[in-house]
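Listed here are the chains, written in short residue letters.
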Amino acid sequence: MEKTRSTTILAVRKDGKTVVAGDGQVTLGNSVMKSTAKKVRRLYDGKVVVGFAGSAADGMALMERLEEKLNKYGGNLLRAAVELAKDWRTDKYLRRLEAVLIAVDKDNMFLISGNGDVIQPDEPILATGSGGDFARSAALALYRNTDLDARKIVEESMKIAGEICIYTNQNITIEEIE
């Protein structure tokens, strides 16, 4: 089976707004299989935005689990993320899932992985996926050196990532939280 590569997910918080974006490309081997995938979704009555990189089925399964944890812990994203990461690392079924999540609410921003990682960045910018390093680099430069708002930083950074990374396209889904 050829390796599926896909996704750039980027989250930026600035001036009370958090913006999360994901591109729409799914690549199988050296072919683009889909260009309009939606990898960013709202959870918990729209109060949490999550983007995933990796297998679509795995990402969706993990988002469902995260929403269950959010419901269990009254919307506390930190607690839900930690509990999901613990389950993901120790559960025989979940351990095999290949995806990474970025989850944000109005106060928090986390990268959650199957290695047990729940990472909150020093600066309010997170990225993952094939083009994640490109998008994050562009976002950090724009965040530190311009007066652009969070949405514009995300739009420009995703555009740059799409111009550099062959696994990232310009079909961007964007969600905002204030």
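Everything discussed here concerns the structure shown above.
Please read all numbers here as calculations on a predicted model, not as lab measurements.

Scoring rules and cut-offs
- Residues numbered from 1 in each chain as written.
- Predicted model: local features only at pLDDT ≥ 70, side-chain atom pairs only at ≥ 80, totals over all residues.
- Heavy atoms only, no water.
- Axes fitted to C-alpha atoms, helices over the stretch in contact; angles between N-to-C directions.
- Helix = DSSP H or I, 4+ residues; strand = E, 2+ residues; numbered from the N terminus.
- Parallel < 35°, antiparallel > 145°, perpendicular 65-115°, else oblique.
- Left-handed = near helix turned anticlockwise from the far one by under 90°.
- Contact = heavy atoms within 4.5 Å.
- Buried < 20%, exposed > 50% of the residue type's maximum accessible area, 1.4 Å probe, protein only.
- Lys, Arg positive; Asp, Glu negative; His and termini not counted.
- Salt bridge = Lys/Arg side-chain N within 4 Å of Asp/Glu carboxyl O.
- Polar contact = N/O pair within 3.5 Å; in protein donor to acceptor, adjacent residues only side chain to side chain.

J.: Can you help me understand the packing of helix H1 (residues 56-72) against helix H2 (residues 77-90) in this one?
T.: Two quantities define a packed helix pair, namely the angle between the helix axes and the distance between the axes. Across the interface, H1 lies against H2 with an axial gap of 8 Å and an inter-helix angle of 130 degrees. As summarised for this structure, H1 and H2 are arranged oblique, according to the angle between their axes. Where H1 crosses over H2, the handedness of that crossing is right-handed. Residues Leu-62, Arg-65, Leu-66, Lys-69 and Leu-70 of H1 touch H2, and the partners they reach there are Leu-77, Ala-80, Ala-81, Glu-83, Leu-84, Asp-87 and Trp-88.

J.: For this particular structure, what's the right way to read the side chain of Arg-13?
T.: Summarising the element assignment, Arg-13 is placed in strand S2 (residues 8-14). Asp-105 is the oppositely charged side chain nearest to the buried, salt-bridge-free Arg-13, at an N-O distance of 4.6 Å. Among the polar contacts made by the side chain of Arg-13, one reaches the side chain of Thr-18 at a distance of 2.8 Å. Here the side chain of Arg-13 touches Asp-105 through a polar contact of 2.6 Å, landing on its backbone oxygen. Setting aside chain neighbours within four positions, we find Arg-13 in contact with Thr-18, Asp-105, Lys-106, Asp-107, Asn-108, Met-109, Pro-124 and Tyr-143.

J.: What is the right way to read the environment of Phe-52 from this model?
T.: Its location among the elements puts Phe-52 in strand S7 (residues 48-54). You can call Phe-52 buried: its relative accessible area is 4%. Spatially, the C-alpha atoms of Phe-52 and Lys-72 are 21 Å apart, while their sequence positions differ by 20 residues.

J.: Help me out: how do you make sense of unusual backbone geometry in this one?
T.: Positioned with a positive phi, Tyr-44 is a non-glycine residue whose angle comes to about 50 degrees. Residue classification places Tyr-44 among the buried positions, given a relative accessible area of 18%. Positive phi is not limited to glycine here, since Asp-45 has a value of about 55 degrees. With respect to the helices and strands, the residue Asp-45 is situated in the loop between strand S6 (40-43) and S7.

J.: Explain the pattern of salt bridges to me, please; I cannot follow it from the model alone.
T.: Side-chain pairs of opposite charge can arise whenever the charged atoms involved come near each other. By the definition in use, this model includes 10 salt bridges. The shortest N-O distance in the salt bridge between Lys-152 and Glu-156 comes to 3.4 Å. Of this pair, Lys-152 and Glu-156 are both found in helix H4 (residues 150-164), four residues apart, which corresponds to roughly one turn of the helix. Looking at Lys-152, the relative accessible area reads 34%, which means it is partly exposed. Among the residues examined, Glu-156 registers a relative accessible area of 26% and is labelled partly exposed. Put simply, Arg-79, Glu-83 and Lys-86 are held in one network by salt bridges that share partners.

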